[in-house]
Amino acid sequence: MPAVSKGDGMRGLAVFISDIRNCKSKEAEIKRINKELANIRSKFKGDKALDGYSKKKYVCKLLFIFLLGHDIDFGHMEAVNLLSSNKYTEKQIGYLFISVLVNSNSDLIRLINNAIKNDLASRNPTFMNLALHCIANVGSREMAEAFASEIPSILVAGDTMDSVKQSAALCLLRLNRTSTDLVPMGEWTARVVHLLNDQHLGVVTAAASLITTLAQKSPDDFKTSISLAVARLSRIVTSASIDLQDYTYYFVAAPWLSVKLLRLLQCYPPPEDAAIRSRLTECLETILNKAQEPPKSKKVQHSNAKNAVLFEAITLIIHHDSEPTLLVRACNQLGQFLQHRETNLRYLALESMCTLASSEFSHETVKTHIETVINALKTERDVSVRQRAVDLLYAMCDRSNAKQIVAEMLSYLETADYSIREEIVLKVAILAEKYAVDYTWYVDTILNLIRIAGDYVSEEVWYRVIQIVINRDDVQGYAAKTVFEALQAPACHENLVKVGGYILGEFGNLIAGDSRSSPLVQFNLLHSKFHLCSVPTRALLLSAYIKFINLFPEVKTTIQDVLRSDSQLRNADVELQQRAVEYLRLSCIASTDILATVLEEMPPFPERESSILAKLKRKKGPGNLPDIDDARRHVNGSTEHSEITEHTKKGSTHPFDDPLNLSSTPSTGASLLVDVFSDSTTLAPVDVSEENFPRFVCKNNGVIFENQLLQIGLKSEYRQNLGRMYVFFGNKTSTQFLSFSASLNVHAKTVEPIIEGGAQVQQILNIECISDFTDAPLLSIQFRYGGALQNIAVKLPVMLNKFFQPTEMTSQDFFQRWKQLGIPQQEVQKIFKAKHPMDTEVAKAKILGFGVALLDGVDPNPANFVGAGVIHTKNTQVGCLLRLEPNTQAQMYRLTLRTSRDSVSQRLCDLLSEQF
Amino acid sequence: RKVGGVGERCFGVFSLLIRFILIQNRAGKTRLAKWYMQFDDDEKQKLIEEVHAVVTVRDAKHTNFVEFRNFKIIYRRYAGLYFCICVDVTDNNLAYLEGIHNFVEVLNEYFHNVCELDLVFNFYKVYTVVDEMFLAGEIRETSQTKVLKQLLMLQSLE
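Naming follows an unreviewed UniProt entry, where chain B appears as AP complex subunit sigma of Mola mola. Regarding chain B, the relevant UniProt record gives this comment under Sequence similarities (unreviewed entry): "Belongs to the adaptor complexes small subunit family."

By the naming in an unreviewed UniProt entry, chain A goes by AP-2 complex subunit alpha and is assigned to Mola mola. According to the UniProt record, the Sequence similarities (unreviewed entry) comment for chain A reads "Belongs to the adaptor complexes large subunit family." Annotation of chain A in UniProt includes, under Subunit (unreviewed entry), the sentence "Adaptor protein complex 2 (AP-2) is a heterotetramer composed of two large adaptins (alpha-type subunit AP2A1 or AP2A2 and beta-type subunit AP2B1), a medium adaptin (mu-type subunit AP2M1) and a small adaptin (sigma-type subunit AP2S1)."

Right, here's the structure in full:
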């Protein structure tokens, strides 16, 4: 126990700590602690009044126990008692306990505040400091209310001790942060600013922090601090190293204070007053000069302290961004650090240079260090340093060095840390696009990205390359040739297959003249990848195939054979199956002209901000992309293509993840190729209409929505887990509805864009239930009537019970199964008041409409209804038994459902109970 | 009152602020935890574990800085103890790195060749040393002479 002898001897505490340290196991520790807690509790509760020393000792033990991670639920009162002791050591323990353990506990806060008040008024600097530290540490609103007005006067009073001023300044800072509204600005602000002139550098250090915080919030009120800060800084940097005595740290004069003053100046633009400005410039030059002087000590503390000031000075120079000579000098200084043997300095130099790269004055100088930075990328051992190198390369990139930088980043990518790969991929993609002079280089770069780091290439990146290729006809032939070559690799990334499929589907004809890339060769190449790909990619390839049929009549039969094969036409995946069926059909019945129209080349995409840049911004947060924030650097194509927003969702979120899979018969095949571009612009549904929704629980046909303009009728049929819904949109007016669209939140599709007055159009939805679900799909309808845009959202009555198949069974079977479903969660019961007249026949019809079989003679009470059915979903089948017991006297029903799944029981019960 | 995690705070408003100071040994035992923001106990425990995880895997060739959520940790290792300060990403790394050293030199002087056990047995005094040098998340006093003089004066009080 080496420390005990040095302590002021709380022997019992030292013994206890030793005991804890000697515990061999967690259990032993807990046992020892519980013993101690019992002991302390009995002391606190005992008849004998404890003396101050004992109280201090026990409170301190409690604190130690708390810091070990155990809850403490007593002793607070004793701690508060210690606050009013007149012995420092007792007071100190009391305040420490409060600071660590008390959070605005209402009763105690009043007592604590009282004690603090006494100590603040005590004129004893030691006690005043304890009180101020407690306020600064706790900083609660209650304390701010009690003391916010008092502390400024302590801070600026002429007779306050220096150390108390220091504490008061930072205490005020804390209260200003937590309860700004309670800290009144006022006559004291001017006097606070003058603390920068104080003789005591400790006071200046504390005051500088306070003033910086206040100046950030109200710069105008503290403008006078500029001249004082410059003057103070000037005196520090020109002082001989011993002048400041206590504040000289390893031969560096007041490094922390210098840093704080330089920070304070960053709250403001360069000083307007010429004299102050030149004095500041002198200071900054002096700091830069000192960096070139031989070190006064070999100790790392010396160089760290010196460089702390230097880096802060450079930050200020960059912040001002107005003195070209200083900027260039700063840059050269950082350049030296880039090759320093201290990793810390290399790291900081890279980081600092990154911001310098964005200044027009220093951008060129930064660029001269490119080789060093590239070398850092290759040789640094610390990944965070390499990360800074990547950031700097990105920041210093411009047209002159883009090819070199992109090439270096690509080669680094091959070995880069997994944690930063995605970010590098995004950076490369942005630079390649921004500085592409010829787009062949851009295409090469992105394909390389996919080759090297395919897994890290997000959708945004490969969408973007397709957008650019579509929009620039000068690169389309090259792109087709390049993807064709890239696809030759025996193992290529699925993202490449996607890009390849899309580009060849659009522009394969541009390279078809060469016999080495004839239509058949192209098709065979693509199809050789087909079976290794995921469903969305296969869907995309199918679309490429139908495009091929249009581009190359000579491969039509080959492709039709493929589409006709069982693996396509009977694919278990409904999306693939549907595409195969439809494309095959389309290719058989459509004339060449129609095919050419339906499958014509994609129109250019509207120009917009690169989604990749948006993604990088999201990743890094705002403000971290110093250089590249001009959004206009994209593609030429600018024809407005209004269809795009309509066909959203499909490509990005694969709909099969939804429990309920809805798809529709598309009116044209052309839209299918749009589907890879997503903007996720789901229409924000206005008020969702669901008032008629419950009416459809037990029936399938009817009017789901109607207002003055539009009537929507439904007819639906279900079989097992599949359903089909016919939606009829009736125009009730005599005027046309223009730009009519109706889209589902689950899946997108099209209707006729115009509905004539009085006319009706029909839309067919195919529905598949994948697994049990609660939420019904939303149908969002948009159209123009007169000049006004109409937005309507309707909840489509697709409910779980639609997928019921009724099951007949005998009484014996029923009860046997009923017992099998006996786990409490499987049963849901609801007792509810009848909302409609209690008619037996109506009830029967409703139960049948609900989808189950009505079982007669099962329930001994003939007034009760018993039903059974099976819910069919793609993944599973859920058996379901129900019993409805009417009580005509009380006008109540009791509904009981048992199924093998609690979520199903609950949902069915909710649906059915609303019907009676 | 629950205050959101470190990651939810924005920069700028609180610049120059230390979020917390931690002293941990290699095994992850906390020897000092000083918080300058409100955290609930679970969050504190999580932060302690995360800091330990990011700091102990680093070696002498690494920098003394490590990104941490939206902040950074400036740390220095002394024998088996890690001294860590969590600050804003825009804060001055070297100033805090030397701030740690300055603090350690004071501890060393005060405890006459400080060792881990001194911090264990005199934990309540360590808080006093911290409050003399750092307050409200700011550097309060940097002069070792002044701090030690004050500590010795306090030591003499009963």
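### A look at the overall build of chain B
Looking only at helices and strands, one finds 5 helices and 7 strands in chain B. Listed by position from the N terminus, the elements making up chain B come as β-β-α-β-β-β-α-α-α-β-β-α. The 158 residues of chain B split such that 65% are buried. Sequence-distant contacts in chain B: of pairs separated by 6 or more residues, those separated by 24 or more amount to 51%. For chain B, the accessible surface area stands at approximately 5900 Å², while carbon and sulfur atoms represent 53% of it.

### With respect to the sheet that holds strand β4 (residues 71-78) of chain B
Residues and elements named next belong to chain B. The 5 strands lie next to each other as β2-β1-β5-β4-β3, forming an open sheet whose pairing is antiparallel. Of all strands in the sheet, those with a lone pairing partner are β2 (30-35) and β3 (65-68), marking the two edges. When strand polarity is set aside, the average angle formed by the axes of neighbouring strands in this sheet is 20°. Of the pairings in the sheet, the one linking β4 to strand β5 (residues 81-88) comprises 8 bridges and is antiparallel in character. Along β5, the bridge assignment pairs Tyr78 with Leu81.

### Considering the packing of aromatic side chains
Residues and elements named next belong to chain A. According to the stated counting rule, one finds 32 aromatic pairs over all chains in the structure shown. Relative to Tyr58, the ring of Phe44 has its centre 6.2 Å away and its plane inclined at 85°; by these criteria the two rings are edge-to-face. On the criterion of sequence distance, the pair formed by Phe44 in helix α2 (residues 26-45) and Tyr58 in helix α3 (residues 52-67) is long-range, its members being 14 residues apart. For Phe44, a relative accessible area of 15% puts it in the buried group. Judged by relative accessible area, which is 7%, Tyr58 ranks as buried.

### Concerning the interface of chain A and chain B
Across the boundary between the two partners, chain A contributes 71 residues, which contact 62 residues of chain B. A buried area of about 6000 Å², summed over both sides, lies between chain A and chain B, and 54% of it is on carbon and sulfur atoms. There are 6 salt bridges connecting chain A and chain B. Arg177 of chain A is the salt-bridge partner of Glu138 of chain B, the closest N and O atoms lying 2.7 Å from each other. At the boundary of chain A and chain B, one finds 30 residue pairs in polar contact (both at pLDDT 80 or more). Ranked by residues supplied to the side of chain A that touches chain B, first place goes to helix α16 (residues 300-320) of chain A with 8 residues.

### Topic: the environment of Asp198 of chain A
Residues and elements named next belong to chain A. One can find Asp198 in the loop between α11 (188-193) and α12 (201-217). Under the relative-accessibility criterion, Asp198 is labelled buried at 14%. In the structure, Asp198 is positioned 34 residues away from Arg232 in sequence and 9.7 Å away in space, judged by C-alpha atoms. In this structure, Asp198 is in contact with Asp162, Lys165, Val203, Val204 and Arg232, ignoring residues within four places of it in sequence.

### Some remarks on the pattern of salt bridges
Inspection of the entire model under this criterion finds 49 salt bridges over all chains. In this structure, Lys146 of chain B engages Asp246 of chain A in a salt bridge whose closest nitrogen and oxygen atoms are separated by 3.4 Å. With one member in each of two chains, Lys146 of chain B in helix α5 (residues 144-156) and Asp246 of chain A in the loop between α13 (225-238) and β1 (248-249) form a pair that bridges those chains. When its relative accessible area of 30% is taken as the criterion, Lys146 of chain B is described as partly exposed. Here Lys835 of chain A makes a salt bridge to Glu914 of chain A, at a shortest N to O gap of 2.9 Å. Highlighted residues: Lys835 of chain A in the loop between β13 (827-833) and α37 (840-850) and Glu914 of chain A in the segment after α38 (902-913), separated in sequence by 79 residues. Take Glu914 of chain A: its relative accessible area is 41%, and that puts it in the partly exposed class. Residues joined by salt bridges that share partners form a network here, namely Glu351, Arg388, Asp391, Glu423 and Lys427 of chain A together with Glu67 of chain B.

### Topic: the nonpolar core
In terms of nonpolar packing, the biggest core is built from 271 residues, with Ile116 and Leu449 of chain A together with Phe134 of chain B touching the most fellow members. In terms of nonpolar packing, the next biggest core, distinct from the first, is built from 60 residues, Ile704, Met725, Phe740 and Phe916 of chain A among them.

Calculation rules
- Residues numbered from 1 in each chain as written.
- Chains lettered and ligands numbered in written order.
- Predicted model: local features only at pLDDT ≥ 70, side-chain atom pairs only at ≥ 80, totals over all residues.
- Heavy atoms only, no water.
- UniProt positions renumbered as here; feature names shortened; annotations may be inferred.
- Helix = DSSP H or I, 4+ residues; strand = E, 2+ residues; numbered from the N terminus.
- Buried < 20%, exposed > 50% of the residue type's maximum accessible area, 1.4 Å probe, protein only.
- Contact = heavy atoms within 4.5 Å.
- Areas by Shrake-Rupley, 256 points an atom, 1.4 Å probe, with all protein chains shown as cover.
- Pairing = 2+ DSSP bridges.
- Axes fitted to C-alpha atoms, helices over the stretch in contact; angles between N-to-C directions.
- Phe/Tyr/Trp six-rings, centres within 6.5 Å; stacked < 30°, edge-to-face > 60°.
- Buried area = accessible area lost by both parts, 1.4 Å probe.
- Salt bridge = Lys/Arg side-chain N within 4 Å of Asp/Glu carboxyl O.
- Polar contact = N/O pair within 3.5 Å; in protein donor to acceptor, adjacent residues only side chain to side chain.
- Core = buried A, V, L, I, M, F, W, Y, C linked by side-chain atoms within 4.5 Å.

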